[in-house]
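Survey of secondary and tertiary structure
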Amino acid sequence: MQFKNAHLSEQELVLAADGELTGRRKAEVNAHLETCWQCRERMQTLQSAIADFVRARNRDFNEHLPPAAGPRALLRARLAELSATPRTWPGFALPVTRIALPGAAFLVVLVAILAIFQSTVNAEGPKPRLAITPGETRPITLNEVCLNSSAQVISPDIPESVRRQVFAAYGIKSPQSGQFEVDYLITPDLGGTESIRNLWPQPYSARWNARVKDQLEQRLHTLVCGGKLDLATAQHDIAVDWIAAYKRYVGENSAR
Amino acid sequence: MAFDASDSMTAFPIAEADAANRPSRLEDEIVALFDRLRAPVLRYLLSFGLAVPDAEEVLQDVFLSLFRHLREGKSRTNLQGWVFRVAHNCALKCRLRARRDAERFSHLPDVSDVTADRGPGPEESMAARQRQQRLLAVVRALPEQERLCLSLRAEGLRYREIAEVLGISLGSVAASLEKSLSRLVRSEQV
């Protein structure tokens, strides 16, 4: 509020209704609402619209929700199944078992699992785990994205401490970490952040490797700056399934 | 509001149990969270335009992921926010799959169809029902980010939590809610 007696803006009313104002501003807005009938009437109108919306929404959706018993029973069955199986990292990390096996037998199993893991990676391509790396962007304008060509933008180096966090999150032990590059899911030149939520370990050896992903990033940058693809779609598509995005925007067989 | 966002998820503590007992205790905890969050998260998933069966499947995936997350001893901070965030990402993925399969793609629930078979309750006037339908029609016409912001706020998330789920700034959340609520207010003044 710039002036003591100025009426509240729409945004101040919403922030006040939602309890999102703090400190002095909160006190000023509350004091104004106490004295200004017009703003108080606007606040009541806003609250009334919110209450009507919540009632309408609950009524509409709740009557369509199937009973919880079936989904709950299904979840219980799946949880029991999951509990009975050794812990694994979906995608490409190594299985972890809580059962201690004799040394030699364990090594044989480990080698076999590694072989299967490697073939799986090559067949389907490595992808980040959504729960760990959903992708994260910072506010960025199209002008900022297109200020330089993709090749001119150098992604910031990832600190060793962050790299260790990424490997730990994916359950990759240090002996294997040399086989992976910690890569941005959404590249910084498309607005990706340096947060761990935007970083994942990408195997060097897989066919769908970091170099292939670089091609996709350059292609997306070109399409976005050429006005052929909006930035949000580019960020979304590379985050959700970068291999599918590669096939769509670069070509099905270009990575072979 | 469907539930109080200020409720702490630590209402379901897991004791320092021995490793052998942990899975079954954790399963109970996950199911308790499922019971508590199913309706709000489903409502949010439906606001993406997912069909109910798809939304239920996404929900199963989210809680299985939560099980793995907690089994690995990872952070228990703000599990409600975690669930909404993972649900959001899974919904985007699910919708992408659905769009590839035109037969399975469904739009937002059509309120006029949905409510066609329900007569007004004795205490509910026709005018009130029409006003509710008009409000929902306005919400359906909102841009997706505004609709999702409104949906998350209706489920009790604070602005900071909404910003984390949607990956946008606090200012964007505030601006988005202001726009959508202004439209709701105007629609009630018609």
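Data block above holds the structure.
Scope of this entry: the structure provided in the associated data block.

Each value, and the rule that gives it
- Chains are numbered independently. Their residues run from 1 in the order of the written sequence.
- The lettering of chains begins at A and the numbering of ligands begins at 1, in the order of writing.
- Local features in this predicted model are restricted to residues whose pLDDT is 70 or higher, and side-chain atom pairs enter the listing and the counts only when it is 80 or higher, whereas totals over whole chains, interfaces and linings include all residues.
- A run of H or I in DSSP becomes a helix once it reaches four residues, and a run of E becomes a strand once it reaches two; helices and strands are each numbered from the N terminus.
- We call a residue exposed when 12 or fewer other C-beta atoms sit within 10 Å of its C-beta, buried when the count reaches 20 or more, and partly exposed for counts in between; the C-beta positions come from the backbone.
- We call two residues in contact when their backbone-placed C-beta atoms lie within 7 Å.
- Residues are grouped as follows: Ala, Val, Leu, Ile, Met, Phe, Trp, Tyr, Cys and Pro are nonpolar; Asp, Glu, Lys and Arg are charged; all remaining types, including Gly, are polar.
- In this description, a line fitted to the C-alpha atoms serves as the axis of each element, helices being fitted only across the stretch in contact, and the angle between N-to-C directions of two axes falls anywhere from 0 to 180 degrees.
- Small angles under 35 degrees read as roughly parallel and large ones over 145 as roughly antiparallel, with 65 to 115 read as roughly perpendicular and the rest as oblique.
- Should DSSP find at least two bridges between two strands, the strands are regarded as paired.

**Some thoughts on the overall build of chain B**
A count of helical and extended segments in chain B gives eight helices and zero strands. Helices and strands in chain B line up, N terminus first, as α-α-α-α-α-α-α-α. Buried positions account for 33% of the 190 residues belonging to chain B. Contacts in chain B between residues far apart in sequence, at least 24 positions, make up 68% of those at least 6 positions apart.

**Notes on the interface of chain A and chain B**
Tallying the contact residues gives 42 residues for chain A and 48 residues for chain B. Residue assignment for the side of chain A that touches chain B shows that the elements contributing at least two residues are helix 1 (10–17), helix 3 (37–62), helix 4 (69–84) and helix 10 (231–240) of chain A. With 13 residues, the single largest contributor to the side of chain A that touches chain B is helix 3 of chain A. Taken together, the residues of the side of chain A that touches chain B sort by class into 23 nonpolar, six polar and 13 charged.

**So, the packing of helix 6 (residues 144–154) of chain B against helix 8 (residues 170–189) of chain B**
Residues and elements named next belong to chain B. One can describe the packing of helix 6 onto helix 8 by two numbers: an axis separation of 9 Å at closest approach and a directional angle of 95°. Accordingly, the angle class assigned to the pair helix 6 and helix 8 is roughly perpendicular. Between helix 6 and helix 8, the contacting residues are Gln145, Glu146, Cys149, Leu150 and Arg153 on the first element and Val173, Ser176, Leu177, Lys179 and Ser180 on the second.

**Describing the pairing of strand 1 (residues 180–184) of chain A**
Residues and elements named next belong to chain A. Along strand 1, four of the five residues are buried, which leaves the element largely enclosed by surrounding structure. Direction of pairing for strand 1 relative to strand 2 (residues 199–203): antiparallel, over a ladder of five bridges. Bridge pairing in strand 2 links valine 182 to proline 201.

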